[in-house]
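# Topology and contacts: notes
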Amino acid sequence: MTNKSNYEYLLSDLTELNGVGIKTTNLLKRKKINNIFDLLWKLPKSYTDRSLSTNIKDLRIGENQTITIIPKKYLFPRVRNLPNRVSCFDETGEIDCIFFNSYEGYVRKILPLGKEITVSGKIAFYRNKYQLTNPKYVSEDSSLIKQKHNTYSLTEGISEKIYNKIINQIISNLPILKEWHSKNILDKFDNINWNEAIIELHKSENIGKYQDNFYQRLAFDEIFSTFLVNSEIRKKIKKIKKKNKSLNRKKQTNILNKLEFYLTNDQKKTLEEINQDLSSSNKMFRLLQGDVGSGKTIVSLIAAYNTVNSGFQVALMAPTEILARQHYNFAKKLFSKEINIELISGKSDYKTKKIILNKLENNNIDIIFGTHAIFQKKINFKNLGLIIIDEQHKFGVNQRKRLSDKGGKNCDVLLMTATPIPRTLTMTMYGDMDLSIIREKPKSRKPIKTYSKLESKIDDVIKFIKKEIQLGNQIFWVCPLIEESKKIDHSSAVKKFEYLNKLFPNQVSLLHGKTDKEDKEIILDNFLKKKFKILVSTTIIEVGIDFPNANVIIIENANKFGLSQLHQLRGRVGRGNKDSACILMFKSNLSDNAKKRINILKESNDGFYISEEDMKIRGFGDILGFKQSGIKNFKLADPIHNNDLFLLAEKEIKRIENNNEDIGRFKPLIKLYDRADIINDIA
Ligand code: ADP
Ligand code: MG
């Protein structure tokens, strides 16, 4: 028996269900259905209406029909592989029920002679007689059959009948949960409660009714719970009191005056937001979001500089060594000897590393640059005041929080990402952080001219890059991405390399998924140093690295990418002040729809706009592979179609925050919908 007010029933193991054994459990687990709650979100796809019964004489051949019959004779052949047969009748005619692979005993049990039995299944007609082979439903209780039976996209090995039985069992045992939403919110969904909404969700007549209250409410629950968890993390981090940094504005101005350029307005604005956080006595947990090339690095370095001048150390972490080194070199030039900076590299020998570790512990290094290695256990900072993390958009909520904890209470955290995403997604993915956005690009930046070309016109492309190479420029050549097979990626890149290397001997290098990490860094470094002209690669070129001399990028099989991804790839060029070009190559002529998409890219250079459009076309899961990146996988909610629900959830969260409302009532919601490891901290 279930305790009706207890949500924990929903979190119990599938084996708790009647009639579900290890075998079914394992089949479901393969589909990532681990508990009863998970089963609720597999929705019926369609249904078979078995509610109307008929007489034998009115049966329609080839259709699913329901009839009530009386078995009158068994025919159990003694020959193997012949089916068991039961002849049955009603007042209008006769029908044979036929069973392959069923035991006599079983057939006798479900079709006892002389009893009225209701059966349902697909009707056939053979040798002048109606036949029903392996009837899907057989029961003495006709009401069990005479209804609409949902069809689900079934897991192999589980029949529709069993699946319906499981779902019906859950629906009839649903706990009645105490309402967690405010009156005002509930009103928007016509006061439907969670329990009723789930029941409606599984009714066959409600399939596809996405605008109805029950669906909207349940979608809202999903969004809201994510936002609530984000909000709790944010609140928790914000509550941490730290020693505030005292900014030296004069020094900041002096450094800014040393730059060859002026900060854009957005750079100034975001720097100011960060400065505010640094000088407050609450811990900073902030995301700096800005398109490729919008100039985030300088903003973060000034923040680092301010932190150092306030007596703290800074750690800047990049996803690759080469990017860490680029930041390090930029900082070295900018700060000259004024402050102590150091790069910790996987390549540095034991002795050098030891010296660096020592210096860090003794506060003789102000800013340390490196990859995730800078957060190894053995590394101790004397007085870490700011962690800057560049281009780690794949960091999930948990990883971010752990990093923040690791820095200690005086340590502010600044994350940077060049992945402009639609607002609804930002709220979902980064709602635990405060947000600073750079929309504007430096004025000196020239737009990247974007062209599309048929693959058969490759000779034109070769002519084009010949000219560019003569001008001393460098070229990225990105090879097709075929997700299913790394092997094919690899071989197509190798082929292209061989082809280009014949045309441009000794001017081409190759980088693909199998290139090992060290070689990769060497190749990228050589490219940076202009030791060769064309870099052929799969999509593994990391974001963030500045190749000022590369001004052309060719992307093969461009239709394999989403617009955001194309935009990001194209952002690898055009960072210097040369004219730059992006050539998208296609195997065949573009459809009108594809043309429309590509035009968005040709006409705009605004990553935020492009990602919004991309999401409208492709759905949110596909944007830049966010599916794999720890983003919550919504089951009902959809950031495109439910934009209003996202905004409503945001508003409600703000209201709860402002009123300092106790969130205890949301415990079941969070427990059911969200990631357990965070919840333990909260509820
Ligand atoms: P991202 O935001 O992609 O990390 P970067 O910080 O690498 O961009 O900046 C790209 C390039 O633009 C760098 O060479 C940087 O020095 C330059 N840059 C940054 N800010 C400005 C500016 N306000 N005006 C001109 N160039 C700038
Ligand atoms: Mg960057």
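A few points on the structure. These numbers were taken from a predicted model, which means no experiment stands behind them. (Residues numbered from 1 in each chain as written. Chains lettered and ligands numbered in written order. Predicted model: local features only at pLDDT ≥ 70, side-chain atom pairs only at ≥ 80, totals over all residues. Heavy atoms only, no water.)

With that out of the way, let us pick up helix 8 (residues 213–239). Compared with an ideal rise of 1.5 Å per residue, which puts 27 residues at 39 Å, helix 8 spans 37 Å between its outermost C-alpha atoms and is within 8% of the ideal. With 22 of its 27 residues buried, helix 8 lies for the most part within the structure. (Helix = DSSP H or I, 4+ residues; strand = E, 2+ residues; numbered from the N terminus. Expected span 1.5 Å × (residues − 1). Buried < 20%, exposed > 50% of the residue type's maximum accessible area, 1.4 Å probe, protein only.)

Turning next to the sheet that holds strand 14 (residues 384–390). Strand pairing in a sheet relies on backbone hydrogen bonds. The paired strands run either parallel or antiparallel. The strand order across the open sheet built from seven strands is 12-13-11-14-15-10-16, with neighbouring strands paired in parallel fashion. Strands at the two margins of the open sheet, each flanked by one partner only, are strand 12 (341–343) and strand 16 (434–438). Along the sheet, successive strands turn relative to each other by an average axial angle of 15 degrees, direction set aside. Relative to strand 14, strand 11 (residues 313–317) is paired through five bridges, and the arrangement is parallel. Residue pairing for strand 14: Leu316 is matched across the bridge by Ile388. Each of strand 11, strand 12, strand 13 (367–370) and strand 14 touches helix 12 (residues 321–335); the most contacted strand, strand 12, lies at about 160 degrees to it. (Pairing = 2+ DSSP bridges. Axes fitted to C-alpha atoms, helices over the stretch in contact; angles between N-to-C directions. Contact = heavy atoms within 4.5 Å.)

Attention now moves to the sheet that holds strand 19 (residues 508–511). Taken together, six strands build an open sheet; the order of strands is 17-22-21-18-20-19 and the sheet is parallel. Each edge of the sheet is formed by a strand with only one pairing partner; in this case those strands are strand 17 (448–454) and strand 19. When strand polarity is set aside, the average angle formed by the axes of neighbouring strands in this sheet is 20 degrees. With four bridges joining them, strand 18 (residues 474–478) and strand 20 (residues 534–537) adopt parallel strand pairing.

This paragraph deals with the environment of Thr253. Tracing the backbone shows Thr253 in helix 9 (residues 249–258). C-alpha of Thr253 to C-alpha of Leu403: the two residues are 150 residues apart in sequence and 31 Å apart in space. There is a polar contact of 2.8 Å between the side chain of Thr253 and the backbone oxygen of Arg249. (Polar contact = N/O pair within 3.5 Å; in protein donor to acceptor, adjacent residues only side chain to side chain.)

Turning our attention to helix 20 (residues 592–603). With 12 residues, helix 20 extends 16 Å from end C-alpha to end C-alpha; this agrees with the ideal 16 Å at 1.5 Å per step. Those residues of helix 20 that fall on the buried side of the exposure criterion are Arg597, Ile598, Ile600 and Leu601. Along the long axis of helix 20, the arc covered by the buried residues comes to 140 degrees, so they all point the same way. Of the exposed residues in helix 20, the ones pointing more than 90 degrees away from its buried face are Asp592, Lys596 and Glu603. Taking the backbone nitrogen of Ala594 as reference, a side-chain oxygen 3.1 Å away marks Ser591 as the first, capping residue of helix 20. (Arc of directions from axis to C-beta.)

Here the focus is the site of ligand 1. Taken together, 17 residues form the shell around ligand 1, and within it Tyr262, Gln267, Gly293, Lys296 and Thr297 come nearest. At a separation of 2.8 Å, a nitrogen atom of ligand 1 approaches a polar side-chain atom of Gln267. A distance of 3.0 Å is found between an oxygen atom of ligand 1 and a side-chain nitrogen or oxygen belonging to Asp546. When ligand 1 sits alone it has 570 Å² of accessible area, and the protein chains cover 87% of it. Among the residues forming the shell around ligand 1, the class breakdown is five nonpolar, seven polar and five charged. (Near = heavy atom within 4 Å. Areas by Shrake-Rupley, 256 points an atom, 1.4 Å probe, with all protein chains shown as cover. Nonpolar A, V, L, I, M, F, W, Y, C, P; charged D, E, K, R; others polar.)

Moving on: the pairing of strand 5 (residues 93–99). Counting buried residues in strand 5 gives six out of seven residues, a clear majority hidden from the surface. In terms of strand pairing, strand 4 (residues 84–90) meets strand 5 through seven bridges, oriented antiparallel. When the sheet's bridge partners are listed, Val86 is paired in strand 5 with Cys97. The loop that links strand 4 with its antiparallel partner strand 5 comprises two residues. Across four bridges, strand 5 lies against strand 7 (residues 129–133) in parallel orientation. Across the sheet, residue Asp96 finds its bridge partner in strand 7, namely Gln131.

With respect to the helices and strands, Asp90 occurs in strand 4. The charged side chain of Asp90 is buried without a salt bridge, its nearest counter-charge being Lys57 at 8.8 Å. Discounting chain neighbours no more than four positions away, the residues touching Asp90 are Asn55, Ile56 and Thr68. (Lys, Arg positive; Asp, Glu negative; His and termini not counted. Salt bridge = Lys/Arg side-chain N within 4 Å of Asp/Glu carboxyl O.)

Packing of helix 11 (residues 296–309) against helix 12 leaves a shortest axis separation of 11 Å and a crossing angle of 60 degrees. In terms of their interaxial angle, helix 11 and helix 12 are classed as oblique. Seen from above, helix 11 lies across helix 12 with right-handed handedness. Residues Thr297, Ile298, Leu301 and Tyr305 of helix 11 touch helix 12, and the partners they reach there are His327, Phe330, Ala331, Leu334 and Phe335. Partitioned by chemical class, the residues of the contact of helix 11 with helix 12 number seven nonpolar, two polar and no charged. (Parallel < 35°, antiparallel > 145°, perpendicular 65-115°, else oblique. Left-handed = near helix turned anticlockwise from the far one by under 90°.)

Keep in mind these values describe shape, not function.
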